[in-house]
Each structure stands twice: as C-alpha cells, then as structure tokens.
Amino acid sequence: MTDSSFDDEAARPGTGEVTATVIVRAPAERVFAALIDWPRQSDWIPFTTVRVLSGDGGEGSSIEAVTRVGPAALRDLMRVVKVDPPYEVRVVHHGKVLRGPGVLRCTPLGSNRTQVVWHEWFHLPAGAAGKAAWPVLWPGSKVSLTGALRRFARLVETGKLS
C-alpha cells in the first residue's frame, strides 16, 4: 500500500462509526500518557498485541495491533497522524480490512478526573453487504470498545498503567 492510498482513501471517515466513553479518576496528563503507551494497550484491549513498527510512537509512527481469537487473527495497521498532549491522539487505520480514521480524546474534568472518548470511523468492507451488516456488528463493536476503556480506567486508577 502506498502512502498516496493511505492519504487519499484511508484518512477519509468511513460509514462504520463507533464511539465509547469512560471517566478515569486520574489527571489528564497521566491518562494521556497511558493511552499512547502503545505496547501497553495489549494490557487492556482483549486478545490484542500492540507494537510500534517504526518511529517513537509519536506523529508519523507506524503501529500494528494484532487481535487473535482462536486460530483467527486480524492485523490492524495504523499511522499516528496527530499527537496533542494531553488532549488528543489521531490515527489512520490503513490495513487491508480495518481502514479509516480514529481518535482518542482526553478532557480534563478537574484536577483528578478525565473523560476519555474513543471514536472510530471505519470503512465497511464488502460494499452494500458491509453496510447492511453494520447494524448487526455495531453493538458488538461498541461493547468491545467500552469494555476495553473500562479496563483501561481500572488499570490507570490502580496505578498499574501510568
């Protein structure tokens, strides 16, 4: 895949939109640092191993997340396109299956509470069939993202992620 196809196609929002939110009892700076500790995402995103393929994890870095359930594996390639600590990190998913922009936002709610919003705009595979299947797939996606964020919040609040 060329950078041109990454910029032109994958960076545009897709029709498969999903959002999850959690409140973390910790300062935004600590929450944000934990969010962009890419390899540690493996601790809170189920069945998933995350690693930095190139760069330092900041803007321009390439990230790989591989989710395995039994014999099935899904490889998610991402490029970090914006980092605005402690408020926002933007990525573009540019793999064969998962494509589209995503954002993790931190909003301070005082000195020791932070709202985290995880928002994805995936391109749906299989054309009309993918669009027709989205209403069935969306609830599972929402539950999965929300569960991961709740796990993330517990790990940050207990000091296991920082």
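The structure displayed is predicted, hence computed values, not measured ones.

**A closer look at the sheet that holds strand E5 (residues 88–94)**
The 7 strands lie next to each other as E1-E7-E6-E5-E4-E3-E2, forming an open sheet whose pairing is antiparallel. The open sheet terminates on both sides in strands that have one partner only, identified here as strand E1 (16–24) and strand E2 (48–54). Here the strands of the sheet are splayed against their neighbours by 20 degrees on average, with no regard to which way each runs. Summarising the sheet, strand E4 (residues 72–84) and E5 pair through 6 bridges and their orientation is antiparallel. Along E5, the bridge assignment pairs Asp84 with Glu88. Each of E1, E4, E5, strand E6 (99–108) and strand E7 (114–122) is contacted by helix H2 (residues 28–35), which is oriented at about 155 degrees to E6, the strand it contacts most.

**Topic: the pattern of salt bridges**
All chains considered together, the criterion is met by 8 salt bridges. Glu157 is the partner of Arg25 in a salt bridge, and the nearest nitrogen-oxygen pair spans 3.0 Å. Residue Arg25 is found in the loop between E1 and H2, and its partner Glu157 is found in helix H3 (residues 127–157); the two are separated by 132 residues along the sequence. For Glu157, a relative accessible area of 24% translates into the label partly exposed. In this structure, Glu88 engages Arg105 in a salt bridge whose closest nitrogen and oxygen atoms are separated by 2.9 Å. With Glu88 in strand E5 and Arg105 in strand E6, the pair connects residues that are 17 residues apart, well separated along the chain. Given a relative accessible area of 9%, Glu88 falls into the buried group.

**Considerations on the side chain of His93**
Note on placement: His93 falls in strand E5. Using a relative accessible area of 3% as the deciding quantity, one classes His93 as buried. At 2.8 Å, the side chain of His93 forms a polar contact with the side chain of Asp76. When near neighbours in sequence (up to four residues on either side) are disregarded, His93 contacts Ala10, Asp76, Leu77, Met78, Leu98, Arg99, Gly100, Pro101, Gly102, Glu120 and Phe122.

**So, the confidence of the model for the chain**
Of all residues in the chain, 84% have pLDDT values of 70 or greater, and the mean over the chain is 86. Within the chain, no element has a lower average pLDDT than helix H1 (residues 3–10), which sits at 60, and none a higher one than H2, at 97. In this model, residues 1–5 is a region of pLDDT below 50 whose contacts with residues beyond four sequence positions or in other chains number 6 contacts.

Criteria and cut-off values
Residues numbered from 1 in each chain as written. Predicted model: local features only at pLDDT ≥ 70, side-chain atom pairs only at ≥ 80, totals over all residues. Heavy atoms only, no water. Pairing = 2+ DSSP bridges. Helix = DSSP H or I, 4+ residues; strand = E, 2+ residues; numbered from the N terminus. Axes fitted to C-alpha atoms, helices over the stretch in contact; angles between N-to-C directions. Contact = heavy atoms within 4.5 Å. Salt bridge = Lys/Arg side-chain N within 4 Å of Asp/Glu carboxyl O. Buried < 20%, exposed > 50% of the residue type's maximum accessible area, 1.4 Å probe, protein only. Polar contact = N/O pair within 3.5 Å; in protein donor to acceptor, adjacent residues only side chain to side chain. pLDDT = per-residue confidence, 0-100.

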